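Next come the chains, spelled out residue by residue.
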Amino acid sequence: MHPRFRTVSAALGALLLLGAAGCGSSGPGKGDKLHMGIAVANISLNFAHEMVLGAESAASHAGKVDFQAVGPPNTDGPAEVQLFQNLTTRAKDGIVLENLDPPIFTRPAARAVDQGIPIVALDTSPTDGSKVDFYVGNDNYALGELMAKEALKRLGANPKGEVVIGVPNPGTPVLDNRAKGISDTFAKEAPGVKVLGPFQTYSDPGQNYSSWSAQVNAHPDALAFLGVGDADSYNLAKIKKAENGKWLTAGFDVDPKTLEAVKDGSNFVTIDPQHFLKGYLSTAMLIQAVRDKDGKLPQGWFLSPGAVVDSSNIDAIIARQKSAKAAYDWYKPTIDKLLGDEQANLKPLKDAR
């Protein structure tokens, strides 16, 4: 758990809250302080921490924004719903919402929109009925394709054998789309490979490790074990080292342990969804909409890029991850380009994947 979050008491038990409580505002004028926030699915894992850092950076750069971040210490949809609802009483000027269980946020999000609170969906596309029609996220199917193609580069011509895929939270579109991208790419480009799964690997690092250990024991001759989540990456590397495995291992995100695994060659890549960038973009556009456009957000899917991290760029990525300032400096050219032509990066919300 990152020390920047502090524990507070709530009816749900130990939950985490970042920042001081702000008073709500109605119809902020130019130059007024804004009261905004972000809700994330699990503040203990790197992916959410990265989004929070990006969002906070955007709020800081904009100035006069009382910005709060909330999220449960473990992936717990109902707990996040409660935190989100609590946040709507304080962050009256806008909220960025990331979650891993979209259906249970449909009604809470719709209520917030009905109250006049602008909501931006981050990383997980909003459901029909949520009344949220602006989403900032990756093309996760394409990121899955990217992982499979990186694996195929290392498996040689006409590989034959098994590849095992793991998904921490089956049913979460962002993760399922990554897994489908992997599976479809192997089916298309390597018909001699049998894809197994996706199996549930869980977000909790301990459960994740146990799940992957079971898969490795069940498929000792597999060509590769590929996960689509945060804990998948570093746990697969840990198991590979312990077992002296010869199979390929890789996952997603840029947890420090994951970057270490890429640096030492345990994992051949990690796929970086560039969560800091998404957090920054979503918050910057939310602030701009409230200050300059009477709260009117764009409509559609704002496509945010991702990238491969491998031996060729691992040192640069490790340096980027040293601080929020280092991350912002690294991303600034991309931020300027994307925000400089928002319409060019907007796609229909129905196409989000």
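In what follows, the accompanying structure is described. (Residues numbered from 1 in each chain as written. Predicted model: local features only at pLDDT ≥ 70, side-chain atom pairs only at ≥ 80, totals over all residues. Heavy atoms only, no water.)

A closer look at empty space enclosed by the protein
What the rule picks out here adds up to two cavities of 30 Å³ or more. Each pocket or cavity is described by its volume, and for the largest cavity that value is around 140 Å³. As for the largest cavity, its lining consists of 18 residues, of which Phe47, Leu175, Gly229, Asp230 and Asp253 are closest to the centre. If you list the elements that add at least two residues to the lining of the largest cavity, you get helix H5 (173–189) and helix H7 (230–243). Broken down by element, the lining of the largest cavity gets its largest block of residues, three residues, from H5. Partitioned by chemical class, the residues of the lining of the largest cavity number nine nonpolar, four polar and five charged. Estimated volume of the second largest cavity: approximately 90 Å³. Its residues placed into classes, the lining of the second largest cavity shows seven nonpolar, six polar and no charged. (1 Å grid on protein atoms, 1.4 Å probe; cavity = no way out; pocket = protein on both sides within 12 Å on 5 of 7 lines; lining within 4 Å. Points joined across faces, edges and corners; volume = space filled by probe spheres on them. Helix = DSSP H or I, 4+ residues; strand = E, 2+ residues; numbered from the N terminus. Nonpolar A, V, L, I, M, F, W, Y, C, P; charged D, E, K, R; others polar.)

Some thoughts on the sheet that holds strand S12 (residues 270–272)
Judged by pairing direction, the sheet is mixed, and its six strands sit side by side in the order S9-S8-S10-S11-S12-S14 without closing on themselves. Of all strands in the sheet, those bounded by a partner on one side alone are strand S9 (193–200) and strand S14 (307–309). Strand after strand, the sheet turns through a mean of 20° between neighbouring axes, direction not considered. Sheet topology note: the strand S8 (residues 161–167)/strand S10 (residues 224–227) ladder contains four bridges and is parallel. Bridged to Gly166 within S10 is Gly227. Packing against the sheet, H5 makes contact with S8, S9, S10 and strand S11 (248–252), and its axis sits at approximately 170° to S8. (Pairing = 2+ DSSP bridges. Axes fitted to C-alpha atoms, helices over the stretch in contact; angles between N-to-C directions. Contact = heavy atoms within 4.5 Å.)

Concerning the packing of helix H6 (residues 205–218) against H7
One way to put it is that H6 packs onto H7 with a least axis distance of 9 Å and a crossing angle of 50°. Between H6 and H7, the interaxial angle falls into the category oblique. Here H6 runs over H7; the crossing is right-handed. Taken together, the residues of H7 that come into contact with H6 (itself represented by Pro205, Asn208, Tyr209, Trp212, Ser213 and Val216) are Ala231, Asp232, Tyr234, Asn235, Leu236, Lys238 and Ile239. (Parallel < 35°, antiparallel > 145°, perpendicular 65-115°, else oblique. Left-handed = near helix turned anticlockwise from the far one by under 90°.)

So, the nonpolar core
In this structure, Ile38, Phe186 and Leu226 are the most contacted members of the largest nonpolar core, which totals 70 residues. Tallying contributions element by element places helix H9 (residues 275–292) first for this core, with 10 residues. Excluding residues within four positions of it along the chain, Leu226 makes contact with Met147, Val163, Val164, Ile165, Gly166, Ile182, Phe186, Trp212, Leu236, Ala250 and Phe268. Counting 19 residues, the second largest nonpolar core, distinct from the first, contains Ile119, Val132, Trp301 and Ala352. (Core = buried A, V, L, I, M, F, W, Y, C linked by side-chain atoms within 4.5 Å. Buried < 20%, exposed > 50% of the residue type's maximum accessible area, 1.4 Å probe, protein only.)

Topic: helix H3 (residues 106–114)
Turning to H3, its buried residues number three or more, namely Thr106, Pro108, Ala109, Ala110 and Ala112. Contacts from the buried residues of H3 go to helix H2 (77–88), strand S5 (94–97) and strand S6 (119–122). Downstream of H3 by a residue or two, Gly116 has a phi angle that is positive, lying close to 90°.

Considerations on the environment of Gly161
Within the secondary structure, Gly161 is located in strand S8. Of the residues examined, Gly161 reaches a relative accessible area of 25% and is grouped as partly exposed. For the pair Gly161 and Ala224, spaced 63 residues apart in the sequence, the C-alpha separation amounts to 9.1 Å.

Observations concerning helix H1 (residues 46–62)
Note: α-helices contain 3.6 residues per turn, so residues at a spacing of three or four share the same orientation. Compared with an ideal rise of 1.5 Å per residue, which puts 17 residues at 24 Å, H1 spans 24 Å between its outermost C-alpha atoms and is within 8% of the ideal. Counting buried residues in H1 gives 14 out of 17 residues, a clear majority hidden from the surface. Following H1 by one or two positions, Gly63 adopts a phi angle in the positive range, close to 80°. (Expected span 1.5 Å × (residues − 1).)

Side note on the pairing of strand S4 (residues 65–71)
When you tally the buried positions in S4, you get seven out of seven residues, the bulk of the element. Burial along S4 is two-sided: Val65, Phe67, Ala69 and Gly71 and Asp66, Gln68 and Val70, pointing in opposite directions, are all buried. Where strand S3 (residues 34–39) and S4 come together, six bridges link them in parallel fashion. By the bridge assignment for S4, Met36 is matched with Phe67. Following the chain from S3 across H1 to the adjacent parallel S4, one finds a crossover that is right-handed. (Right-handed = clockwise from strand over helix to strand, strands pointing away.)

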